[in-house]
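An overview of the molecular structure
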Amino acid sequence: DSPLKNPPRGSRVIGLREEMIAEACSAIKARHDRTVADLADLRLEQNKEYLEFFRMLYLTLGNLIYKKEKKLEELDRNIRTTHIQLE
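These numbers come from a predicted model, not from an experiment. (Residues numbered from 1 in each chain as written. Predicted model: local features only at pLDDT ≥ 70, side-chain atom pairs only at ≥ 80, totals over all residues. Heavy atoms only, no water.)

What follows concerns the overall build of the protein chain. For the protein chain, the count of helices and strands is one helix and zero strands. If one aligns the C-alpha atoms of the protein chain with their principal axes, the spans along those axes are about 120 × 15 × 10 Å. Relative to its full complement of 87 residues, the protein chain shows a buried share of 1%. Accessible area for the protein chain stands at about 8500 Å²; split by element, carbon and sulfur atoms hold 61% of it. For the protein chain, the distance from the average site of its 16 positive side-chain charges to the average site of its 15 negative ones is 4 Å. (Helix = DSSP H or I, 4+ residues; strand = E, 2+ residues; numbered from the N terminus. Buried < 20%, exposed > 50% of the residue type's maximum accessible area, 1.4 Å probe, protein only. Areas by Shrake-Rupley, 256 points an atom, 1.4 Å probe, with all protein chains shown as cover. Lys, Arg positive; Asp, Glu negative; His and termini not counted. Charge placed at Lys NZ, Arg CZ, Asp CG, Glu CD.)

Between side chains of opposite charge, pairing is possible as soon as their charged atoms come close. Summed over all chains, the structure comprises three salt bridges. E73 is the partner of K70 in a salt bridge, and the nearest nitrogen-oxygen pair spans 3.6 Å. In this pair, K70 and E73 both sit in helix 1 (residues 7-86), three residues apart, roughly one turn of the helix. Classification of K70 by relative accessible area gives partly exposed; the value is 38%. (Salt bridge = Lys/Arg side-chain N within 4 Å of Asp/Glu carboxyl O.)

Centre-to-centre distance and the angle between the planes together describe a pair of aromatic rings. Counting across every chain of the model gives one aromatic pair. Ring geometry for F54 against Y58: centres 5.8 Å apart, planes inclined by 25°, an arrangement best described as stacked. Residue F54 and its partner Y58 are both found in helix 1; the two are separated by four residues, about one turn of the helix. (Phe/Tyr/Trp six-rings, centres within 6.5 Å; stacked < 30°, edge-to-face > 60°.)

Quick look at the structure:
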């Protein structure tokens, strides 16, 4: 029996194929959505890591600038003291 010779059977076969294709498309979309969500989570975690590293570097830089300024102040005091002693 050919589906062409039996229209109700042909319609049923077409309907089943349409259903199968629709289910496959739904599964692909669901997988795509999960993948997009997973990538967004990974991107967020990566950004958090970058932010933490930047924060550490920024705080270290602030600490180094503070130490440099204190050393310059100490050096200026030593220079003044030396000038006073030389006079």
